[in-house]
Structure formats: C-alpha cells, structure tokens
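Geometric and topological summary
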Amino acid sequence: MFTDSQKAILLQTTLDPNEIGEQRFCELCEQADLLNTATDSELVAFLKIANALYRGGEPIISDADYDFVYLAELKKRQPEHPLLHTVEPEPAFAGKTVDLPTIMLSTDKAYSRDEVERWAGRIEKAAGDLDKNFAELIFKVTPKLDGYAAYDDGQMLYTRGDGRKGTDITRVFERGLQLADHGQRGLGAGEIVVSRSYFDANLAEIFDNARNFQASVIKEKELDEHAERAIADHAAVFYPFALLPCWTGVWQDLIDNFESVVKDIWHKLDYDVDGVILEIVDEQLKQVMGATRHHHRWQLAYKENLETAEVVVIGVTPQTSRSGRITPVAELEPVRLSGALLSRATAHHYKMVLDKGIGPGALIRLARSGEVIPKIEEVLRPAEPQVPSACPSCGHELIWDNDYLICPNNLECPAQISNSMEHFFRVLKNNDGFGAATIKKLYEYGIRRVDQIYALTAEQFESMGFGPKQSQNLVEQLVRSRNEAIEDWRFLSAFGVFRMGLGNCERLLAHYTLAEIFNLSEADIVAIEGFAEKTAAVITEGFAKIKPLFDSLISLGFNLTPTQNQPTDNAHPLAGKTLVFTGTLHSGSRDELSKQAKGKGAKVGSSVSAKTDYLVAGDNVGANKTNAAREKGVSVITEQEFLTLLSGEDA
Ligand SMILES: NC(=O)c1ccc[n+]([C@@H]2O[C@H](COP(=O)([O-])OP(=O)(O)OC[C@H]3O[C@@H](n4cnc5c(N)ncnc54)[C@H](O)[C@@H]3O)[C@@H](O)[C@H]2O)c1
Ligand SMILES: [Zn+2]
C-alpha cells in the first residue's frame, strides 16, 4: 500500500492511482510474474505511477526491474508507445512551471561493448558524410551522476520536468546550495547530488536512499533541517556536467582501453554514479547527428550488464521487415534470464551470422539489455551459419547491401506491404484493431494500400470473414483515426519514409508545413539542423514515393495539429543571427553556450562565412582569424559581449 508521502507525490500529478487500483498496483509490483495478466492500460498506468514515485524520491521498484521487466514488457507489447520515446516526466515540484532554455533529454543506453562500437559506427558514418576524419575525432567520457537533473542558466535553476518545461527551483541557490568544484553559475545542465560518504554517515538513518534525500532538497518550499545542514556542509551540491572529471581521446584509444577508462571514470567521484556518459565533442557533428525525442544521437550512457546466459541456437529464422531488410532471428533452447523466459534473440544482420558462425548448434552468450528480443552478445562456439537465399515471404532472390540481406521486391513482397500497413496504424496510435492478424487477413483479400482500408465498409469487412461486431468496430476505428487530433509529424512518420522517424519528422515540420515538404530540395533539408546531405537525398526520394498515397489519405481529412515552430522571441537580439564560437571560453563549454544561443533563436555555425553575423572570440584567438572575419563583414565580439546579447540587451 502507498505510504502517505507516496500518496502526496501522486497528488502532484494528473495520474489516477485508481485506474489500476492500489491493491493491484502493489500486487504487480511485488510479483513481476503476474505481469502477463496485466492489461495494456494497467501496464501503462503502472509504469507512469512507478516513474512518478521514482522522480518524486520514493522509488517503489529497483531501476533494473523498471527497465528490464516492466518497461521491457511495454516495449514488447507496444514498441511505439510514447512512454518509450519521450523523456519520462517528473511530478510537479513546488514552484513556477517555466519553459526550459534548452530541451533536456534522456540518454540512449548501452550495456555491452558491442553496442558501444555500433554507436561509434554511426558516428563514423556521420563523420564521413561531413568529410571529417573519424580517427581524429575526440571522445569524452564522464561519470553518469545518479541525482536530479537540473539546468542553471545563470539566473534561474530549472528541473528537467518533461524535458521542455521544468520548475523554477532557483530558491535552492538562494538557500545556499553551492556548485561543485567551486564552479560559477550559468554552466548549463548538471545534477543535484549528495556525497555518498556524507549520506552514509549522516543521512542514511533518516532517509531511505539518496534519491529520497535529493528530492527533499528540491521538492519542498521549506527545507528540511538535514537538507539545510547538508547544503551548509557542501555535501549536497549542484554539479554542472561541464565541470565533471573526464577522459578525452580518440576512438582507438578509448576502445583499446575501454575497461580501464570506464572503471577509472566511474569511480572518480564520491557521488552515486550509475554508468558513464560517452559523447563526441565536435559541435558540427553533434548538430548533424541531432536527437530523437528521447536522446541525443551523439551521446550514449554505458551501464553495466546485469546478468548473462549461455545458450544453444536451434536455428536462425529470417524475417522480412517493412523496408525489405531481412532480420536474422535465432531460435534458442528456452533460458531464464533475470526473471524472463527467453527463446529468441536477434543477430544484428546476416553479415554477423556469416562472420560469427550462427546456426544450429552454435553456443551464444545473451544479455538482457532492455530490448524486447535480446541481442546476441557474443558467439562462444560457432557452427555452420544458416543464411537464406530467398525472401521467406515472397521467395524473391535476396541481395546483399553492405552488411544486410535485402528483398528487393518491395512492390510485391507480402511481408513488406503488410508490415508497412501495420506500421501506419501503429504509429498513428489513435486506433485499435489493425494489428498483424487483421492486416494479414486484409492482405489475403487483396488489400495493398492503407487508403484501400479507409474505403472499406462494414459489409466489405464482413465479406472478408470479420464478424459483424468486429466489422462495425473496425469502421468506427477508421473514423476515429481521422477525427481524433494527432500531431502532423506523427502522421508523416506513419508513412515510414526511410530516415523519417518521429524525431526527424517533428524537426522537419518545425520548419516547413506538410504541404511544403514535397517541394523541398536536398539543399533545403540539409539547411535544417540535424539533417546530413546523404540523408537528404534519401528523404526527398522517399517523399516522392509516398506522394500518391499521402494525397489520397489527406483528401480523407485527418485531424492534424500543425507542429509548433520552435518558440523564439523574435525581438531577442540573437534571434535569427548566425554565430560562430572560437577560442577558449570561460562561462561554459562551447556546447552549452551554443545551446543557450540557439534557445534564443540563433544559429550556430562551425566556420565563418559571409552569412555569419557574430564571431564570438574567446581567449587565444589569432589576429589573422579575427581580421579575416571582419573582412567578410562579420562583427567580432568578446565572450562578455556575447553574454550581454544573450541576456537580451543589445551589446
Ligand atoms: N526505479 C524506478 O521505479 C524507476 C522509474 C523510472 C525511471 N527509473 C530509472 O531512470 C532511468 C531513466 O531515467 P532518465 O530518463 O532520467 O535517463 P537516464 O538515466 O538516461 O539519464 C539521463 C540524464 O543523465 C544525466 N546525466 C548524469 N550524468 C551525466 C553526464 N556526465 N553527462 C550528461 N548527462 C548526465 C542527465 O541529467 C540526463 O538528463 C533508468 O535507469 C530507470 O531505471 C527508475
Ligand atoms: Zn520479399
């Protein structure tokens, strides 16, 4: 049963514990095995409540259970559920809700070296697109503090909130909270943390855990006496990420010494740390790689693997995806791993199946990684690889495209067509009933395009063998999917254009309306932050392909909510200006300052051109550089002048 303080946290939210019932909540919480009896809405309600309690400082289940049992179950049932693709919200803390100066995201997580290498592979690819030499790129590794995220813009301190709006908790500074490492204000994002040894010695008897204590520092209008003392003793501090101890170096050094680098950084501080953060420091590359709605693609949290198992492969089954890629799924002798019974695992691609020898009899190592179907970590004993030559769905001969096997028959392959139709309804999410089984039946009756589905009457559904009640319901769901308001970026993403997932759709539609996107040139797309040249070509091609279906569906009248353009204050002196930073800066890292400038509507470039408005010159900048900029008509300003502009005053 919930304690009084847990009830108080839930009162701060719009969540209704009765949606699931307190009794039922506790049952599911104590016996994860019961999870398979939970309905989808019970599961979602459970996760939302557990998350609110965790963020409110009263976690009710362990992080590992949250990630690997409960969240994993949602991933399995509804891979597109918003809970999985957005920042998990905090309950409202006391204080004013305000727009954050910059969006604060969660992190993508990796539990194996293999996943880290694949992340680096994506960076290498993005670097290649920009003609940058990957071997020279600098990586940075910092401890992943396990406290409360906050953002300090120099004037206010904000909680992370839902990633876009947070709470103004500047009061904690007014009550004496110091910055770690004698830092200055205004260094951007960081965490409120408490020294582990201090907690153990002075607070462990009063508070259940460090999170519980940290929450008390920001939660209440009135500070608890223990919190007051911890602040006065400098044991509770705000630690800006910019001041964290770090390892920096090139990829080869990082991966060659991975274990020792991770171990060293992980244990450098006397604060709770639940992993390390890996990121690249090249600003231009970061901009191009961009972010999903959940995390930055240029950043990765590496966490420790909890448990692994060794298991024998029975066979490898090919599966054709919506895009025609063939996914190798290894069927396994059933094995129990951290509470879950597993019988399948995926290999990344068929190149891996070939190279590593994955086939009947191979012995592999599995690890739970938060994925629904776990990935094969390592092949311990190879066997004859099992690789198909024909598409399991249409029988067409497969071709190799780099590491992937592809079915090129995208116009006729049943799996590709059905998966695309299913994808449409799943992404739209404002409808029920169009899962795999329904789509399969529709396909059998000659349905190939989503607009054909929208044209069906209840009688027609019935003639295909759906019951009268179900037929009526399907028609109602189609009507509902058109009437219920959805964001235009979600609608666009449902068409499944390669590289146009939810995040990229939202990014694009913050600049152009839906009606405009089909006339965009590659150059128009590249000009938007977060899109690379190569991607742009694929995207314009993809748009041309979906145009007929798109027009046909739009004419049915969906209830689309246009994407809000990024809120910018046009009167701000930096709005619409292009800046370039150079030299050593003192008030924050280049990244942080760029973010703040962008938050005011500025663009940040990596090199000076005639389009640049300001060159912000820190220390140690040669006269050649500033003179060359002036010759191009660029104003050269100091860091201090920049800060003045940032604060909204004209320099
Ligand atoms: N036990 C529960 O009931 C429960 C419920 C919800 C979430 N959780 C846990 O919360 C985690 C997910 O939370 P999240 O979305 O806050 O994401 P996250 O764990 O990925 O952390 C993202 C945050 O890391 C912080 N961070 C710390 N050190 C950093 C550094 N050196 N550089 C950059 N950022 C740094 C940033 O503030 C950022 O917001 C999961 O591990 C999950 O287990 C637990
Ligand atoms: Zn096929």
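Right, let's walk through the structure included here. (Residues numbered from 1 in each chain as written. Chains lettered and ligands numbered in written order. Predicted model: local features only at pLDDT ≥ 70, side-chain atom pairs only at ≥ 80, totals over all residues. Heavy atoms only, no water.)

In this section: unusual backbone geometry. Despite not being glycine, histidine 182 shows a phi value in the positive range, around 55°. Locating histidine 182 in the fold gives a position in the loop between β7 (178-179) and β8 (188-194). With a phi close to 50°, asparagine 402 is a non-glycine residue in the positive phi region. Topologically, asparagine 402 is positioned in the loop between β18 (399-401) and β19 (404-406). Taking the relative accessible area as the measure of exposure, asparagine 402 reaches 67% and is therefore exposed. (Helix = DSSP H or I, 4+ residues; strand = E, 2+ residues; numbered from the N terminus. Buried < 20%, exposed > 50% of the residue type's maximum accessible area, 1.4 Å probe, protein only.)

For the rest of this paragraph, the subject is the sheet that holds β8. An order of β5-β4-β8-β9-β7 is seen for the five strands of this open sheet, with the pairing classed as mixed. Of all strands in the sheet, those with a lone pairing partner are β5 (157-159) and β7, marking the two edges. Helix-sheet contacts for helix α9 (residues 210-219) involve β4 (148-152), β5, β8 and β9 (236-240), and the interaxial angle to β8 is about 120°. (Pairing = 2+ DSSP bridges. Contact = heavy atoms within 4.5 Å. Axes fitted to C-alpha atoms, helices over the stretch in contact; angles between N-to-C directions.)

This brings us to the site of ligand 1. As a matter of local geometry, ligand 1 sits amid 26 residues, with Thr107, Pro143, Lys144, Arg160 and Glu191 nearest to it. In the model, a nitrogen atom of ligand 1 is placed 3.0 Å from a nitrogen or oxygen of the aspartate 63 side chain. Burial of ligand 1 by the protein chains amounts to 94% of its free accessible area of 850 Å². For the shell around ligand 1, the secondary structure elements donating two or more residues are α3 (40-55), α4 (63-77) and β3 (139-145). Residues of the shell around ligand 1, tallied by class, amount to 11 nonpolar, six polar and nine charged. Lining the shell around ligand 1 are residues from two domains, each supplying at least three of them: domain 1 (4-85) and domain 2 (98-302). (Near = heavy atom within 4 Å. Polar contact = N/O pair within 3.5 Å; in protein donor to acceptor, adjacent residues only side chain to side chain. Areas by Shrake-Rupley, 256 points an atom, 1.4 Å probe, with all protein chains shown as cover. Nonpolar A, V, L, I, M, F, W, Y, C, P; charged D, E, K, R; others polar. Domains from an automatic or database assignment.)

As a further point, take a nonpolar patch on the surface. A cluster of nonpolar side chains, contributed by Leu354, Val387 and Trp400, occupies part of the molecular surface with about 260 Å² of accessible area. Along the chain, valine 387 falls in the loop between β17 (376-381) and β18. Assessed through its relative accessible area of 31%, valine 387 is described here as partly exposed. (Patch = residues over 30% accessible without salt bridge, like charges linked within 9 Å, V, L, I, M, F, W, Y side chains within 5 Å. Salt bridge = Lys/Arg side-chain N within 4 Å of Asp/Glu carboxyl O.)

Purely geometric numbers; function is a separate question.
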